[in-house]
Each structure stands twice: as structure tokens, then as C-alpha cells.
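So the chains spell out like this:
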Amino acid sequence: MATATPTRHTPEDLLEIDDRPMPELVGGQLIERGTGLEADAVAVTLCWLLWKYSRDGHPGLVNGSQCGYQIFPDDPEKVRVPSASYTQRERLPGGRASKGHARVAPDIVAEVLFPGTTLDDVRGKVSDFLGAGVPCVWVADPDSFTIHSFRADGTEARLGAGDFLDGGEALPGFRCPVAEVFDQLSLVADDGPQALPPGGDGYRGA
Amino acid sequence: MGLEADAIGATIVTLLMVSAAPKKLGLVSASQCEYQFGRFHHPGFCKPDASFTRAGRLPKGGAAKTRTKHVPDLVVEVISPNDLAEEVFVKVRKYLESRVSLVWIISPASRAVQVYRADGTGAFLTADAILEAGELLPDFRCTVAQLFEQADLYVQP
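None of the values given here were measured: they were computed from a predicted structure. (Residues numbered from 1 in each chain as written. Chains lettered and ligands numbered in written order. Predicted model: local features only at pLDDT ≥ 70, side-chain atom pairs only at ≥ 80, totals over all residues. Heavy atoms only, no water.)

With that out of the way, let us pick up helix α2 (residues 85–97) of chain B. Relative to the 18 Å expected for 13 residues at 1.5 Å per residue, α2(B) spans 18 Å between its end C-alpha atoms, a close match to the ideal helical length. In this structure, the buried side of α2(B) is in contact with β5 (74–78), β6 (102–107) and β7 (112–117) of chain B. (Helix = DSSP H or I, 4+ residues; strand = E, 2+ residues; numbered from the N terminus. Expected span 1.5 Å × (residues − 1). Contact = heavy atoms within 4.5 Å.)

This is the structure we're talking about:
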């Protein structure tokens, strides 16, 4: 029985998609990305922490959850879209990024698990970024309040409440309590804003 | 959408966080928060680029793991080159009729912001004009130029 050939999409097609979240493109097929108030709130916090880091003597471009990366050696047409990312200015050619999809591997990629997605579901995405030269990838799980940190050297760590998040050599001076990443969730927790201690300043410079 | 639009969206979200997070005044959301409320009763149509909801008005206890039905206080939309003016106006009207109290429509091409308030007032702001959120976020204060600062600094013209 003949089957219809699925439409192959291009990276340029993604740029024409205005609906959020922008899907990823793997093997010519669109990969939908999730939505959810809690996971989104964690992504916002990670973006803000990276933004504070960039303003604190580490100038660079901070992207949010709708910036595609077209940087993967195994497939030049592949586009991955993380929840947040940061690229130091010195690594951008002429200090500037191109307008469409990002073409320079960022210094840090942060991914948040959206409802229905597990750590195993994003391992391929993590490998893609590490393989493209990203030194460190964080995967935050809003359900367990943990962050899995993956390094290009193959090491992996599971960080929970009481631990500190850092980016190794990729983010010198970045150090933030893991609990800060999930701080916005206390606003929608069962027991109200008092369930967790009041928020601090998040990332603090060295 | 591309890197520049994302850089603008990320800037707005972080500027909101700067004034909201330290005192836990409320929740700052980005475009992967999907709403279903009031005039946006069909699922899948309301994912503003940024939004803010005061702490006392938020749903509790994981009720909003996927789609949330609460009405945010502030909604921010970044216009894309494909957006029709008619579509943007319809959206703004729906937000205001759904009791969103403040709407900011950001135009990257003109580096301008159109402000709509529930009381019917509004403003067209550019360059060094100050954008404020009133009693919603008393500490929020930035120039329109600041919204585009990341894009101007780091994205190829």
C-alpha cells in the first residue's frame, strides 16, 4: 500500500511560523514543543538568571524559548530550540548574531521539561547540543525541583534543593542555588507564596 | 520566528522579572504559557510573548500544569512581520474585553510600543519615552529603547 510522503520542511519554514512555541526541525519533520504555566515559569527564571549574569560583567546575548539553533554537524538543516541560552559576546562574529536561526553554539543551553516530557525524551536534544560544541546543558524538571547538568566531557550530575547550579568553565563566576530556579513555582504552589522562603536575588556574582 | 524577535521577548521577560521577582509580586510568563479565558475560549490561540499576573490572582496547586484559565493582568505581544493590523486589533480588543488591565503591543520594525489600558486610555511610545506598569508593578520602569537594547547590541542589522 502506498503511503503519502510526508512534507519535508526547511529551516526557513520555521521562521515563517508565528505561533508559539516554535517547533524544532529534525529530519525535515516538525517536532512540537510543549506549553505549561509551571515549566514556562522555570524557563523565564533561567532566562533571567542568565540575563543577570550577562549584565554582571559577562556581556553576551541572552535568548529565551523561541530562538532556533542551526548548528548541528550531523544535519545542517536540523533546528533545535532550547528554553533559554547565553552566548558570550566574544564568541559572536563581530559581536553580533545573525537574524534568522542562531549559527553560533551558545555557551550554555537550558532546557525545561514540559508536561508529558521526561529526561529520557530530551537526551537526544542534549547530545545534539553537546556534539555541536556547547560545553554545558542544564535540564530542569519542575516536578522534582531538580536540574540535570550535562558536560561536554561526558559527566552528568543531578542537582536538587541545597545544591548550587554552575556552568563550569563555560560560565566563570556563575553560581546560583538550585531552589532559585524554581522560585516562581512557589507562587502557584498549594500553600501559596509562603510555601517556600521569599525569593533572594537569584544568581549572585562571584 | 527568528533570533531577533526572541531576543526582544527575552528582554521584556527579564525586565518584568527584575521588578516582580525580588518581592514576589506575581508570576512572569513567556510564550509557552498557554491561556484559555474570556474571549479566548478556543484552546491554542492565546500564548502572548510575555504576561504578568499579580500573586493573589494566580491559580493554585498545579491546576494550571498545561493550559491555564486565569486572566493575566498584563499581556505583551511582539508583532511579527506577518501579522495583519486587523489581527492585532482583534486580539487587543479580546484582551481588554476579557478584563486584562494592561496590554503592550511591541513593534520591532518601528521600535515602538502601543499601550492600551482597561480604562480606555493609551499611548504610543518610542525611544526615550518611559514605559510603566502603574500599580501592577510599581518598580517597573524602562525606556522603550531598553526593550530593544539586546537586539540593537547583538543582532545584525
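Tallying each qualifying case throughout the model produces 25 salt bridges over all chains. With a shortest N-O distance of 3.5 Å, B:K47 and A:D19 are connected by a salt bridge. Placement of the pair is B:K47 in the loop between β2 (34–35) and β3 (50–54) and A:D19 in the loop between α1 (11–15) and β1 (24–26), with the two residues belonging to separate chains. Between B:R111 and B:D152 there is a salt bridge, with the nearest N and O atoms lying 2.7 Å from each other. Here B:R111, found in the loop between β6 and β7, pairs with B:D152, found in helix α4 (residues 149–154); they are 41 residues apart in sequence, far enough to count as distant. For B:R111, a relative accessible area of 25% puts it in the partly exposed group. Judged by relative accessible area, B:D152 falls into the partly exposed class, the value being 39%. Connected through salt bridges with shared partners, the residues A:E24, A:D74, A:K78, A:R80, A:E111, A:K125 and A:D128 form a single ionic network. (Salt bridge = Lys/Arg side-chain N within 4 Å of Asp/Glu carboxyl O. Buried < 20%, exposed > 50% of the residue type's maximum accessible area, 1.4 Å probe, protein only.)

Moving on to the interface of chain A and chain B. Contact residues are listed per partner, giving 58 residues for chain A and 51 residues for chain B. Counting the surface lost from both chain A and chain B, the interface buries some 4,700 Å², and carbon and sulfur atoms represent 52% of this. Seen at the junction of chain A and chain B, the total is 5 salt bridges. For B:D49, the salt bridge goes to A:R20, with nearest N and O atoms at 2.7 Å. Across the chain A-chain B interface, the total number found is 35 residue pairs in polar contact (both at pLDDT 80 or more). Mapped by element, the contributors of at least two residues to the side of chain A that touches chain B are α1, α2 (37–55) and β3 (60–63) of chain A. It is α2(A) that contributes the most residues to the side of chain A that touches chain B, 10 residues altogether. Residue composition of the side of chain A that touches chain B, by class: 27 nonpolar, 17 polar and 14 charged. (Buried area = accessible area lost by both parts, 1.4 Å probe. Polar contact = N/O pair within 3.5 Å; in protein donor to acceptor, adjacent residues only side chain to side chain. Nonpolar A, V, L, I, M, F, W, Y, C, P; charged D, E, K, R; others polar.)

So, on to the nonpolar core. In this structure, A:W138 and B:W104 are the most contacted members of the largest nonpolar core, which totals 108 residues. When residues in this core are grouped by element, the largest group, 13 residues, is from α2(A). The residues contacting B:W104, other than those within four sequence positions of it, are B:L16, B:L74, B:V75, B:V76, B:E77, B:V113, B:Q114, B:V115, B:L131, B:E132, B:A133 and B:F140. Grouped together as the second largest cluster of nonpolar side chains are 6 residues, A:M22, A:V79, A:V81 and B:M1 included. (Core = buried A, V, L, I, M, F, W, Y, C linked by side-chain atoms within 4.5 Å.)

For the rest of this paragraph, the subject is the environment of A:P172. Residue and element names in this part refer to chain A. Its place among the elements puts P172 in the loop between β9 (164–166) and β10 (175–177). Sequence separation between P172 and V62 is 110 residues; the distance between their C-alpha atoms is 16 Å. Those residues in contact with P172 that lie beyond four places of it in its chain are Y53 and H58.

Attention shifts here to the packing of aromatic side chains. Scanning all chains against the criterion turns up 10 aromatic pairs over all chains. Ring geometry for B:F37 versus B:F40: centroids 5.6 Å apart, planes at 65°, classification edge-to-face. B:F40 carries the same exposure label as B:F37, and that label is buried. Joined through ring pairs, the aromatic side chains of A:Y53, A:Y86, A:W138 and A:F174 make up one cluster. Here A:K78 stacks its cationic end above the ring of A:F72, 5.8 Å away from the centre of that ring. In this structure, B:K94 packs its charged tip against the face of B:F40, placed 5.2 Å from the ring centre. (Phe/Tyr/Trp six-rings, centres within 6.5 Å; stacked < 30°, edge-to-face > 60°. Lys NZ or Arg CZ within 6 Å of the ring centre and 35° of its normal.)

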